[in-house]
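Examining the three-dimensional arrangement
Take a look at the letters that make up each chain.
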Amino acid sequence: MAQKGVQLDRETFSCSICLDLLKDPVTTPCGHSYCMNCIKSYWDEEDEKKIHSCPQCRQTFTPRPVLVKNTMFAALLEELKKTGLQAAPADLCYAGPEDVACDVCTGRKLKALKSCLVCLASYCEKHLQPHFDSLTFMKHKLVDPSKKLQENICSRHDEVMKIFCRTDKQTICILCSMDEHKGHDTVSAAAERTERQRELEVSRQNIQQRIQDREKDVKELQQQVEAINRSADKAVEDSEKIFTQLIRLMEKRSSDVKQQVRSQQETEVSRVKELQEKLEQEITELKRKDAEMKKLSHTEDHNQFLHNYPSLSALSESTSSINIRPLRYFEDVTAAVSELRDKLQDVLRDKWTNVSLTVTEVDVLLSQPEPKTRAGFLQYSRELTLDPNTAYTQLLLSEGNRKVTFMSQQQSYSSHPDRFTKRYQVLSRESLTGRCYWEVEWRGGGVRVAVAYKNISRAGSSNECGFGHNNKSWSLYYYNNSYIFYYNNVSTPVSGPQSSRVGVYLDHSAGILSFYSVSETMTLLHRVQTTFTQPLYAGLWLYSVGSTAEFYKLK
């Protein structure tokens, strides 16, 4: 009873706003007491309404009451504190709206410390004590405070649900097991929990192992990122130095050509001017002689004419005739530099392919699954063109080098070491690494859709040159409404819907090459799982005059 009296004292001298013992107590006109700061703050928020109310009884005041400290109340509080009245300890805090309240407390309820799954009630520290003191209650299952205890009561029979029906996968009460769940596979909820707990532990172990594996992967990927960054920085730095050297070399060669042309220009101009001066002197001399002869020819005295005629000096030998060549002069230099430029462009184009191929995609640990829809494949689509330098001489390229047609006559191709000399084949200009997707559409006779390494043989008609007949190429052959896959001269019959278009998916780092029949839907025809050691090139092989194949323009 003494303890209850102290509790009443605490409630009597507590502020209903802060729920703590009153500080600087003030009393409103309605008789309720609050901490001065608490009620001021409360009324400050009501200032805009021009009406102020009591937080407890809701009585309103107009105008705002002037509050003064209740000295008698304050003195009484001080005396009570000396006799042992203190603020409620943390474990006896009152329950708020978000808290689980003690089901036994009357009046203002305290926070629950535990909930009992047997009693289906929640208890504060005081009312929980019997569960520690009584042997009967000690067997009860205590858990953290829960607001969902009523969910353990059967809504039909108002009984505790202690049974689990495995047939319907739900908890039920004992009456349910004898009624609508009669004959079902039932066990105690505790037994089901034990079994599921074991499964849960196994799942947790698997998850924890996966977490460790993924953390290791993340660490390795981070190391790979750092290695990529270091390597890329060095490659950029080194390539900039090399290109700077190339630029300086080109500038030096440009300066040398300029200097040589200017020097030769000066020599040639000097020579021409020297000859020009000689010719001008000869013209002057000839004009003087002509004047003398003209004067003599006008002499009327025959004797005088005959006397002076022998005195005319003989003409000097004339300068050789000038043979002016066609106006070419230094055009040959321009032609030579242009030829050098063209050769450099060819070298840069060919060698640049090798450079770009070395900038390959990082082979990360987390592989990407193969797409399931055409839209998924299209995100890896590549715009490919055919390389004229590789085309057999009867293959005509068109549509921006995306289409090839087998012609009856030879085409005007220049000689090139990359050209197929006997096989009716052509390779793409672009190399293929990473994940790529493209489609080939054909008309006419048979066709092979292939991929090959760049170092596949080109000269002759041996198996080393034919797509699919060596270990440097893979091809899907369509002929007579049937498919055959070739690799290393081994043929594999392939079944699937016939279509004039084939989709090719390549995941270079994963070693996956897949061929799909493309129409209204996509159907897998054949998949290869291997290891690609070099960048690949798309290839086409036609079989009959008039047949065509084209890299389909993907949208």
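Described in the following lines is the structure provided in the data block. All values reported here derive from a predicted model rather than from experimental measurement. (Residues numbered from 1 in each chain as written. Predicted model: local features only at pLDDT ≥ 70, side-chain atom pairs only at ≥ 80, totals over all residues. Heavy atoms only, no water.)

1. Examining the sheet that holds strand β23 (residues 548-551)
An order of β11-β12-β23-β14-β19-β20-β21 is seen for the seven strands of this open sheet, with the pairing classed as antiparallel. Each end of this open sheet is capped by a strand with a single partner; those strands are β11 (395-398) and β21 (522-529). With strand direction ignored, the average angle separating the axes of adjacent strands in the sheet is 20°. (Pairing = 2+ DSSP bridges. Helix = DSSP H or I, 4+ residues; strand = E, 2+ residues; numbered from the N terminus. Axes fitted to C-alpha atoms, helices over the stretch in contact; angles between N-to-C directions.)

2. Observations concerning helix α3 (residues 71-82)
Taking 1.5 Å per residue as the helical rise, α3 with its twelve residues ought to reach 16 Å, and the 17 Å between its terminal C-alpha atoms agrees with that figure. When α3 is considered as a whole, its buried residues turn out to be Phe73, Ala74, Leu77 and Leu80. With its buried residues spanning 125° around the axis, α3 presents them on a single face. In α3, the exposed positions that point more than 90 degrees away from the buried face belong to Thr71, Met72 and Lys82. (Expected span 1.5 Å × (residues − 1). Buried < 20%, exposed > 50% of the residue type's maximum accessible area, 1.4 Å probe, protein only. Arc of directions from axis to C-beta.)

3. Thoughts on the packing of aromatic side chains
Summed over the entire model, instances satisfying the criterion amount to 19 aromatic pairs. Aromatic side chains Phe406 and Tyr424 sit 4.8 Å apart centroid to centroid with 65° between the ring planes, which places their arrangement in the edge-to-face category. Here Phe406 is found in strand β12 (residues 403-406), whereas its partner Tyr424 is found in the loop between β12 and β13 (425-432), with 18 residues between them in sequence. On the basis of relative accessibility, which here comes to 4%, the residue Phe406 falls in the buried class. Site record: aromatic cluster; members linked through ring pairs are Phe377, Tyr380, Tyr437, Tyr505 and Tyr516. Positioned over the ring face of Tyr552 is Arg501, at 3.7 Å from the centre of the ring. (Phe/Tyr/Trp six-rings, centres within 6.5 Å; stacked < 30°, edge-to-face > 60°. Lys NZ or Arg CZ within 6 Å of the ring centre and 35° of its normal.)

4. Quick word on the sheet that holds strand β7 (residues 142-143)
Read from one edge of the open sheet, three strands run β6-β5-β7, paired in antiparallel fashion. Where the open sheet ends on each side, the last strands, each with one partner, are β6 (121-123) and β7. With two bridges joining them, strand β5 (residues 114-116) and β7 adopt antiparallel strand pairing. Bridged to Cys116 within β7 is Leu142.

5. A short note on the nonpolar core
Core analysis: the biggest nonpolar cluster contains 38 residues, and Val404, Trp438, Trp474 and Leu513 have the highest contact counts within it. Once residues lying within four places of it in the same chain are set aside, the contact partners of Val404 are Leu386, Leu395, Leu396, Leu397, Val426, Leu540, Leu542, Ser547, Thr548 and Ala549. Core analysis: the second largest hydrophobic core is formed by 17 residues, Leu21, Cys54, Leu67 and Phe73 among them. (Core = buried A, V, L, I, M, F, W, Y, C linked by side-chain atoms within 4.5 Å. Contact = heavy atoms within 4.5 Å.)

6. A look at the pairing of strand β17 (residues 482-487)
Where strand β16 (residues 473-479) lies against β17, six bridges are found, and the strand directions are antiparallel. In the sheet register, Ser475 faces β17, and the bridge partner there is Tyr486. Once β16 ends, the chain turns through two residues before running back antiparallel as β17, passing Asn480 with a positive phi of about 55°. Here β17 pairs with strand β18 (residues 490-494) via five bridges, running antiparallel. Following the sheet pairing, Phe485 is matched in β18 by Thr492. The hairpin turn running from β17 into β18, its antiparallel successor, is two residues long, and Asn488 in that turn takes a positive phi close to 55°.

Spatial relationships are all this shows, so hold off on functional conclusions.
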